[in-house]
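Coordinate analysis (summary)
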Amino acid sequence: MNNSNVIGTEYTKGDVAVNKPTTLELVNKTLEKRYRAERRFKLYGIVSICFALLCLVILFTDIVGKGHSAFFQTYLKLEVNLEASVLGIHDVTDPEQIKHANYQKALRQSLAVIFPDVKGRSDKRKLNALISTGSSYYLADEVKADPSLIGQTIVFDILADDDVDTWLKSRANEVGAFTGRLTKKQLDWLEVLLETDRIEQQFNAVFFSNGDSREPELAGIRSAITGSLFTLFVTLLLSFTVGISSAIYLEEYAPKNKITDFIEVNINNLAAVPSIIFGLLGLAIFIGLFGMTRSIPLLGGIVLSLMTLPTIIISSRAAIKSVPNSIREAAYGMGASKMQVILHHVLPLAMPGMLTGTIIGMAQALGETAPLLMIGMVAFVVDIPGSLTDPSTALPVQIFLWADSPERAFVERTSAAIMVLLAFLITMNTLAVWLRKRLERRW
């Protein structure tokens, strides 16, 4: 029969003496296992962060690599004859004749002077296709601003067609230039213009001054930015006032009962609702029931304010809770009323947190697309909106439209618009962080 007897740190099991581990040895062995697990967990975290940063770098590199060229546009530097006979003007003092003059003919003649051997309607049409269809409008603006140019021959920077712009920007690629719809003759003419230093790239001011266009070289983001600003103005006006008021009521006035608990649960749930649901709500209620006009910043602002309200209410309530009760008690001790305590003491101290939540909510609203698609702000808008009730689009929706365009030139403009949107979002989030660091108080 086997007997086991413990003797000090040893015990016998049958005829074999076995050492018994001490408590310290058991603890150290457990600690080593725990430390290895912690090191592995730490390594997993570092690898995850590095992977996320790598994905972010790849994304930004791809966007910047495709979009940076959109900030430059190709122009043809040609001598344009602005004789009244060429423009079809009989009275140089008549503003209407100057406005409706034949500027397209003057531009075509400037090309015909450089290529006098181009004959036939087909070849002339191909030659004139090197110039953007919108160049005549810029020449008209130049002459209307200075009518004394009539009768002179000026050197004018003519906006090139998007195929010419894409070809020129892709010539540096190792795989060769992207010719697209350009013919062999057009490429030969462009080589002649390059050799005579008549082609150059300039800063693309059109991208920031124009609205949308079906011609890539004429397409800009000004109407989209203006529509976004109008929409954000309505969103801020509604969501900030309603959100702050709701937070003050729930924290300072509302009794703690089942009704307020039900409201709090629903506010937290609304913060997680997909944004397209708010677009469906705007489509059904504001358009279907109240008959509001589609594709206007006023409607877009109302829909986005509903989406940002939960974020602002939650952050504002957290900011109010962070104000110590001693502040309230001291104010009450000095004879202040409840409203005076809130307006003069609690609200100013909680305002940094409220502003931070509001800015984050505005940044979220700026980048939303789905709700605006549902209420019709996906319309093709060329004119710059001048009020809250003018048809408009928003920058994220403009990016969505351009991403679906077949022209290759819209690829770089899509990426450039994304860069502009990211710049706005980074600025707003940086402002929120700065306000929090600058204005917050630690108790």
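See above for the structure.
First things first, this report covers the structure right here in the doc. (Residues numbered from 1 in each chain as written. Predicted model: local features only at pLDDT ≥ 70, side-chain atom pairs only at ≥ 80, totals over all residues. Heavy atoms only, no water.)

1. Regarding empty space enclosed by the protein
Here is the rule we go by: Cavity: a set of points on a 1 Å grid over the protein atoms alone where a 1.4 Å probe fits but cannot get out. Pocket: an open set with protein on both sides within 12 Å along at least five of seven lines, its lining residues, like those of a cavity, having an atom within 4 Å of a point. Grid points are joined across faces, edges and corners, and a volume is the space filled by probe spheres set on the points. Put simply, DSSP H or I for four residues or longer makes a helix, DSSP E for two residues or longer makes a strand, and each gets a number counted from the N terminus. Residues are grouped as follows: nonpolar covers Ala, Val, Leu, Ile, Met, Phe, Trp, Tyr, Cys and Pro; charged covers Asp, Glu, Lys and Arg; every other residue, Gly included, is treated as polar.
A complete count under the given rule lists one cavity of 30 Å³ or more for this structure. Of the volumes computed, that of the largest cavity is approximately 40 Å³. For the largest cavity, the full set of lining residues is S228, T231, L232, L304, A365, L366, L372, A394 and P396. Only α10 (222-253) and α15 (338-366) provide two or more residues apiece to the lining of the largest cavity. Broken down by element, the residue count for the lining of the largest cavity peaks at three residues, all from α10. By residue class, the composition of the lining of the largest cavity is seven nonpolar, two polar and no charged.

2. A short note on the packing of helix α12 (residues 275-289) against helix α13 (residues 297-321)
Describing two packed helices takes the angle between their axes plus the distance from one axis to the other. Worth spelling out the cut-off: Only the contacting stretch of a helix is used when fitting its axis, a line to C-alpha atoms as for every element, and angles between N-to-C directions run 0 to 180 degrees. What sets the label is the angle itself: under 35 degrees gives roughly parallel, over 145 gives roughly antiparallel, 65 to 115 gives roughly perpendicular, and the rest give oblique. Should the near helix be turned counterclockwise from the far one by less than a right angle, the crossing is left-handed, whereas a clockwise turn marks it as right-handed. Whether two residues touch is decided by their heavy atoms; if any such pair falls within 4.5 Å, the residues are in contact.
The contact between α12 and α13 brings their axes to 9 Å, and the two run at 130°. Between α12 and α13, the angle falls in the class oblique. For the element pair α12 and α13, the recorded crossing hand is right-handed. Contacts between α12 and α13 involve S275, F278, G279, L281, G282, F286 and I287 on the former and, on the latter, L299, I302, V303, L306 and M307. Classifying every residue of the contact of α12 with α13 by side-chain character gives nine nonpolar, three polar and no charged.

3. Details of the sheet that holds strand β4 (residues 72-81)
Rules: Paired strands, as defined in this entry, are two strands with at least two bridges between them according to DSSP.
The strand order β5-β4-β6 describes an open sheet built from three strands, whose pairing is antiparallel. Every interior strand has two partners, whereas the edge strands, β5 (153-159) and β6 (199-203), have only one. For this sheet, the mean inter-axis angle between neighbouring strands, taken without regard to orientation, is 40°. Helix-sheet contacts for helix α6 (residues 135-145) involve β4 and β5, and the interaxial angle to β5 is about 140°.

Take it as geometry only, folks, not as evidence of what the structure does.
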